[in-house]
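# Descriptive structure summary
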Amino acid sequence: MDTLTTPVATAYAAALEPLLAVADAVPAAGWDAPTPCEGWSARDVVTHLVDTQREFLTGRGIDLGPAPDVTADPAGALRAHAGRVLTAVGDPAVADAAYDGFFGPTTVGATLEQFYVWDLVVHRWDLATATGQDAALSGAELDRIETGAASWGDALYMEGICQRAEAPADAGRQARVLALLGRRA
């Protein structure tokens, strides 16, 4: 089956490709580097991405197989995990599966695209920043982050999610958008 047969699979793959490029370029010692996410290392960011996506999808009865070993090979684990996610959500029956979400009735695909694809973009910036790589986000990626942040309203600032930060008055768009998530660009 072609894994990009659904809009969510296409969106996930588009956000995944630059994230994997950053992950593949992290040197072995770089996985312990601190990130803009307070208390998290680069490895912790990958663990978060894998674990939250697995929890969401397996919680809806989607078999992703055994969890990959992020500790031993974070980039390889992310790649293996993402391949399984793409296979799963490339199936329209999975992508279109309805459930009652935090904001009301939705589908697996809609939630994956609205939040988890968004999370891939945001955490790519975190990983790149932590490991000294190019952390520039495109205009489309900034649009995705800004639109997502606005759509969740105050729920984005619930404990353990994001905190607001102030961007300098003369800050560029990337710094202003990232400040919505408590990050300082």
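The model shown is predicted, which means the values in this text are computed figures rather than measured ones.

## Brief notes about the overall build of the chain
- Broken down by element type, the chain carries seven helices and two strands.
- Reading the secondary structure of the chain in the N-to-C direction produces α-α-α-α-β-β-α-α-α.
- In summary, the chain has a C-alpha radius of gyration of 16 Å against a globular reference of 16 Å for 185 residues, a match within 12%.
- Across its three principal directions, the C-alpha atoms of the chain cover 45 × 40 × 30 Å.
- Burial analysis of the chain (185 residues in total) assigns 47% to the buried set.
- Counted over contacts in the chain with a minimum sequence separation of 6, partners at least 24 positions apart contribute 63%.
- When the accessible surface of the chain is split by element, carbon and sulfur atoms take 53% of a total near 9,000 Å².

## Comments concerning the nonpolar core
- The biggest cluster of nonpolar side chains holds 56 residues, and the ones touching the most others in it are Tyr12, Leu57, Leu112 and Leu127.
- Only α1 (7–24), α2 (42–58), α3 (74–89), α4 (92–95), α5 (108–130), α6 (139–152) and α7 (173–179) provide two or more residues apiece to this core.
- Once you skip the residues sitting within four places of it in the chain, tyrosine 12 turns out to touch Gln53, His81, Ala82, Val85, Leu86, Leu112, Val117 and Leu120.

## Quick look at the environment of leucine 137
- As for its placement among the helices and strands, leucine 137 is situated in the loop between α5 and α6.
- Relative accessible area serves as the criterion here: at 9%, leucine 137 is assigned to the buried category.
- Taking the C-alpha atoms as reference, leucine 137 lies 27 Å from leucine 57; in sequence the two are 80 residues apart.
- Dropping the residues within four chain positions of it, leucine 137 is found in contact with Val121, Arg124, Trp125, Leu142, Ile145, Gln174 and Leu178.

## Regarding α2
- Here α2 contains 17 residues, and its C-alpha end-to-end distance of 24 Å stays within 8% of the 24 Å for a straight helix at 1.5 Å per residue.
- Turning to α2, its buried residues number three or more, namely Ala42, Arg43, Val45, Val46, His48, Leu49, Val50, Gln53, Arg54, Phe56 and Leu57.
- The secondary structure elements touched by the buried residues of α2 are α1, α3, β1 (98–101) and α5.

## Describing the pairing of strand β2 (residues 104–107)
- Pairing between β1 and β2: four bridges, direction antiparallel. Along β2, the bridge assignment pairs glycine 101 with glycine 104.

## Re the pattern of salt bridges
- Throughout the structure, instances matching the rule amount to seven salt bridges.
- Notably, a salt bridge pairs glutamate 146 with arginine 173, separated by 2.8 Å at the nearest N-O pair. Taken together, the residues span a long stretch of sequence, with glutamate 146 in helix α6 and arginine 173 in helix α7 at a distance of 27 residues.

## Side note on the packing of α1 against α3
- Viewed as axis vectors pointing N to C, α1 and α3 meet at an angle of 175 degrees, and their least axial separation amounts to 11 Å. Accordingly, the angle class assigned to the pair α1 and α3 is roughly antiparallel. For the pair α1 and α3, the contacting residues are Val8, Ala9, Tyr12, Ala13, Leu16, Leu19, Leu20, Ala23 and Asp24 in the first and Ala75, Leu78, Arg79, His81, Ala82, Val85, Leu86 and Val89 in the second.
- Partitioning the contact of α1 with α3 into residue classes produces 14 nonpolar, one polar and two charged.

Parameters at a glance
Residues numbered from 1 in each chain as written. Predicted model: local features only at pLDDT ≥ 70, side-chain atom pairs only at ≥ 80, totals over all residues. Heavy atoms only, no water. Helix = DSSP H or I, 4+ residues; strand = E, 2+ residues; numbered from the N terminus. Rg over C-alpha atoms; globule rule 2.2 N^0.38 Å. Buried < 20%, exposed > 50% of the residue type's maximum accessible area, 1.4 Å probe, protein only. Contact = heavy atoms within 4.5 Å. Areas by Shrake-Rupley, 256 points an atom, 1.4 Å probe, with all protein chains shown as cover. Core = buried A, V, L, I, M, F, W, Y, C linked by side-chain atoms within 4.5 Å. Expected span 1.5 Å × (residues − 1). Pairing = 2+ DSSP bridges. Salt bridge = Lys/Arg side-chain N within 4 Å of Asp/Glu carboxyl O. Axes fitted to C-alpha atoms, helices over the stretch in contact; angles between N-to-C directions. Parallel < 35°, antiparallel > 145°, perpendicular 65-115°, else oblique. Nonpolar A, V, L, I, M, F, W, Y, C, P; charged D, E, K, R; others polar.

Interpretation in functional terms is not warranted from these geometric data alone.
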